[in-house]
Amino acid sequence: MDLDNHYEQAVWNYLRAHGVDCAPCAEGYRRALEGERVKTPDLLCFGAETAWLLEIKGRRYRATGRSRRRQLDPWAPRSDVVSLAHWAEALGPGYRALLVFAFHVLGAPHTDSNLWTYREQSYLIYGIPVEVYRAAMRVRSPRWDTVSVPTAMFRRLARPLVEWLCVPAGVP
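Definitions and cut-offs
Residues numbered from 1 in each chain as written. Predicted model: local features only at pLDDT ≥ 70, side-chain atom pairs only at ≥ 80, totals over all residues. Heavy atoms only, no water. Buried < 20%, exposed > 50% of the residue type's maximum accessible area, 1.4 Å probe, protein only. Helix = DSSP H or I, 4+ residues; strand = E, 2+ residues; numbered from the N terminus. Pairing = 2+ DSSP bridges. Salt bridge = Lys/Arg side-chain N within 4 Å of Asp/Glu carboxyl O.

## Quick notes on the pairing of strand β4 (residues 43-46)
Only one face of β4 is covered, namely the face carrying Leu 43 and Cys 45; the face carrying Leu 44 and Phe 46 is uncovered. Taken together, the 4 bridges between strand β1 (residues 21-24) and β4 define a ladder with antiparallel strand orientation. Note that in β4 the partner of Cys 22 across the bridge is Cys 45. The pairing of β4 with strand β5 (residues 51-62) spans 4 bridges and is antiparallel. Each residue of the ladder has a partner; that of Cys 45, found in β5, is Trp 52. Taking the residues that link successive antiparallel strands as the turn, the β4-β5 hairpin has 4 residues.

If you want it as structure tokens, here you go:
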């Protein structure tokens, strides 16, 4: 976890304010799973019955204007998605992996009930299980090897982060 990153700081603050026990993971890559290089998750959080591995992705969201950025754009490097899934699989059934998208809201005030304010900046913080994201993802850029989930589908599948961390195991 990079505490110099305002997105990661906002998520960390959000989790602490909601009473979620979590620990930052040392950044870097580790050799795991048959010698494959995998990225370390950003956070390890402890929910009601499940330990969650979190990978935080910071994105901008323009609340006004006609910009493409006006839509939530939940893209990620394919390698981050694959690494997160590998960690959850390697650690076993008590662990689940969650991609966390922290959207920095730019422009006019936003009315979403999930709006989080940190250091006078507004964020929308959503989570989506990595296995759900993988099933729905599409190639965003072959050149950069990035993937994304279409905005309308993301809105259906993602939930405010705290909802994932406070639900019993086995709930999809």
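Once the structure has been displayed, the description carries forward.
## Quick look at the pattern of salt bridges
One pass over the structure, following the stated rule, counts 7 salt bridges. The closest approach of N and O atoms between Asp 73 and Arg 140, which form a salt bridge, is 2.8 Å. Taken as a pair, Asp 73 in the loop between β5 and β6 (75-77) and Arg 140 in strand β10 (residues 138-141) lie far apart in primary sequence, 67 residues in all. Accessibility expressed as a relative area gives 37% for Arg 140, which makes it partly exposed. Where Arg 96 meets Glu 131, a salt bridge forms, and the shortest distance between an N and an O atom there is 2.8 Å. Here the residue Arg 96 occupies a position in strand β7 (residues 95-106), and Glu 131 occupies one in helix α3 (residues 130-136), the gap between them amounting to 35 residues. Its relative accessible area of 17% is what places Arg 96 among the buried residues. On the basis of relative accessibility, which here comes to 41%, the residue Glu 131 falls in the partly exposed class. Sharing partners across several salt bridges, the network here consists of Lys 39, Asp 42, Glu 55, Lys 57 and Asp 80.

Interpretation in functional terms is not warranted from these geometric data alone.
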